[in-house]
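Residue-level structural notes
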Amino acid sequence: NNTSNEITFVATLSFDRMHALEGLFAKWSGPISLALYLTDAEAARFTEFYDSSPVLKSRKNVGYHVVFKETWYYPVNYLRNVAKQNVQSEFIFLCDIDFLPSEEIESKLSEYLVLIGKSQPNALIVPAFESERYRIDSLPGTKADLLKQLDLGEIIKFRSRVWEEGHGATNYQKWRSSTKPYKVNWQLNYEPYIVTHKSIPDYDQRFVGFGWNKASHIYQLHRQGYRFLVLPNVFIVHLPHSPSIDIHRYRTSSKYRQCMETFKK
């Protein structure tokens, strides 16, 4: 039962990220489409987890799309496409499961949907930050709160310590004082989280595991003429978690990194 200005939160997850669901549901009341990558045993455990959670059971607007494990690497872009293709609303928020949205984000995003054009398609960027705190109740809910924690060093720009180019084009310095959406230019390796129309092209499913899976999608949008507009009064905060197996493979295997660089070219 979607309305014209509803936005579906789209994400993927494996079994070790199930704990993130209840926190997300508390922050996002609108429709959610999730692609879950599970073994048979994990699917059974997820059913148990669902049945034991009043929060999950109370929601009637969440789609769980289970993809059974077949490969060694996490097929992240295939999963993203599964979640995206099962959306019923016109607009989607392409995000990751480890992020929590700011307060009243859905109503604020709805105000900007008019900017998503058809003759000149736009992707609306929700700036991303990260925290080293595990407690959800310590995270900022408003932009004013976030800026305070940013100045104190309790919040930092997402991945700014390890991969500045991934989100640098967002221009966080400008965002601090912005009150209106502003256009930014695509840069190599840019991988923001975006709100757009569900007709957006699919992700390149050849990318699996860790590395350039989302950046390749943003590059595809850039090549197809999408403009990138940063929204001034919404944000998401990434919660800390242990590195995934795929990140470990990327960091420890020179052959993995070499193959990725070759594939990118």
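Right above here is the structure, for reference.
Now for a look at the structure at hand.

Each value, and the rule that gives it
Residues numbered from 1 in each chain as written. Predicted model: local features only at pLDDT ≥ 70, side-chain atom pairs only at ≥ 80, totals over all residues. Heavy atoms only, no water. Helix = DSSP H or I, 4+ residues; strand = E, 2+ residues; numbered from the N terminus. Buried < 20%, exposed > 50% of the residue type's maximum accessible area, 1.4 Å probe, protein only. Contact = heavy atoms within 4.5 Å. Areas by Shrake-Rupley, 256 points an atom, 1.4 Å probe, with all protein chains shown as cover. Phe/Tyr/Trp six-rings, centres within 6.5 Å; stacked < 30°, edge-to-face > 60°. Lys NZ or Arg CZ within 6 Å of the ring centre and 35° of its normal. Core = buried A, V, L, I, M, F, W, Y, C linked by side-chain atoms within 4.5 Å. Patch = residues over 30% accessible without salt bridge, like charges linked within 9 Å, V, L, I, M, F, W, Y side chains within 5 Å. Salt bridge = Lys/Arg side-chain N within 4 Å of Asp/Glu carboxyl O. Pairing = 2+ DSSP bridges. Axes fitted to C-alpha atoms, helices over the stretch in contact; angles between N-to-C directions. Expected span 1.5 Å × (residues − 1). Arc of directions from axis to C-beta.

**Details of the overall build of the protein chain**
- Counting its regular elements, the protein chain contains ten helices and twelve strands.
- By residue count, 52% of the 265 residues in the protein chain fall in the buried class.
- In the protein chain, 78% of the contacts between residues at least 6 apart in sequence involve partners at least 24 apart.
- For the protein chain, the accessible surface area stands at approximately 13300 Å², while carbon and sulfur atoms represent 50% of it.

**Some details on the packing of aromatic side chains**
- Applying the stated criterion across every chain, the model contains 16 aromatic pairs.
- Considering the side-chain rings of Phe-129 and Phe-235, the 6.3 Å spacing of their centres and the 90° angle between planes classify their relative orientation as edge-to-face. Taken as a pair, Phe-129 in strand E7 (residues 128–131) and Phe-235 in the loop between strand E11 (227–230) and strand E12 (236–238) lie far apart in primary sequence, 106 residues in all. Summarising the burial analysis for this pair, Phe-129 and Phe-235 share the class buried.
- Linked through ring pairs, Phe-129, Tyr-172, Trp-175 and Phe-235 together constitute an aromatic cluster.
- Between the NZ or CZ atom of Lys-143 and the centre of the ring of Trp-175, over which it lies, the distance is 4.2 Å.

**With respect to the nonpolar core**
- Among the nonpolar cores identified, the biggest contains 77 residues, and Leu-21, Trp-28, Leu-34, Phe-93, Leu-109, Leu-146 and Val-195 are the most heavily contacted of them.
- The dominant element in this core, judged by the number of residues it contributes, is strand E2 (residues 32–38), at six residues.
- When sequence neighbours within four positions are dropped, the list of residues in contact with Leu-21 reads Leu-13, Leu-34, Phe-46, Phe-49, Leu-56 and Ile-97.

**Observations concerning a nonpolar patch on the surface**
- Side chains of Trp-72, Tyr-73 and Val-208 sit close together on the surface and give an oily, nonpolar patch of about 320 Å² of accessible area.
- For Val-208, the position within the fold is in the loop between strand E10 (193–197) and helix H8 (213–223).
- Note on Val-208: relative accessible area 31%, which makes it partly exposed.

**Details of the sheet that holds strand E8 (residues 155–157)**
- Here four strands make up an open sheet; going across it, the order is E5-E12-E7-E8 and the pairing mixed. Every other strand in the sheet has two partners, leaving strand E5 (99–101) and E8 as the edge strands with one partner each. Averaged over all adjacent pairs, the angle separating strand axes in this sheet is 35°, with direction ignored.
- Of the strand pairs in this sheet, E7 and E8 are connected by three bridges, and their pairing is antiparallel. Bridge pairing in E8 links Phe-129 to Lys-157.
- Each of E7, E8 and E12 touches helix H6 (residues 143–152); the most contacted strand, E8, lies at about 90° to it.

**What to know about the sheet that holds E11**
- As summarised here, the arrangement of the eight strands in space is E3-E2-E1-E4-E10-E6-E11-E9, forming an open sheet in which the pairing is mixed. For this open sheet the edge positions go to strand E3 (62–68) and strand E9 (182–184), each flanked by a neighbour on one side alone. Each neighbouring strand pair of the sheet contributes to a mean axis angle of 30°, computed without reference to strand direction.
- Summarising the sheet, strand E6 (residues 122–126) and E11 pair through four bridges and their orientation is parallel. Residue pairing for E11: Asn-122 is matched across the bridge by Arg-227.
- Sheet strands touched by helix H5 (residues 105–112): strand E1 (7–14), strand E4 (91–94), E6 and E10. Its angle to E6, the strand with the most contacts, is close to 150°.

**Focus on helix H2 (residues 40–51)**
- Here H2 spans 17 Å end to end across twelve residues, near enough to the 16 Å set by a 1.5 Å rise per residue.
- The complete set of buried residues in H2 reads Glu-42, Ala-43 and Phe-46. What you see down the axis of H2 is that its buried residues fit within an arc of 100°, all on one side. Of the exposed residues in H2, those oriented more than 90 degrees away from the buried face are Asp-40, Ala-41 and Glu-48.
- In this structure, the buried side of H2 is in contact with helix H1 (20–27), E2, helix H3 (54–58) and E3.

**A look at the environment of Ile-92**
- Examined against the element boundaries, Ile-92 turns out to sit in strand E4.
- As for Ile-92 and Thr-8, which are separated by 84 residues in sequence, their C-alpha atoms are 4.7 Å apart.
- In contact with Ile-92, other than residues within four places in its own chain, are Ile-7, Thr-8, Val-10, Lys-84, Val-87, Ile-194, Val-195, Thr-196, His-197, Lys-198 and Ile-200.

Any functional reading would require information that these geometric values do not contain.
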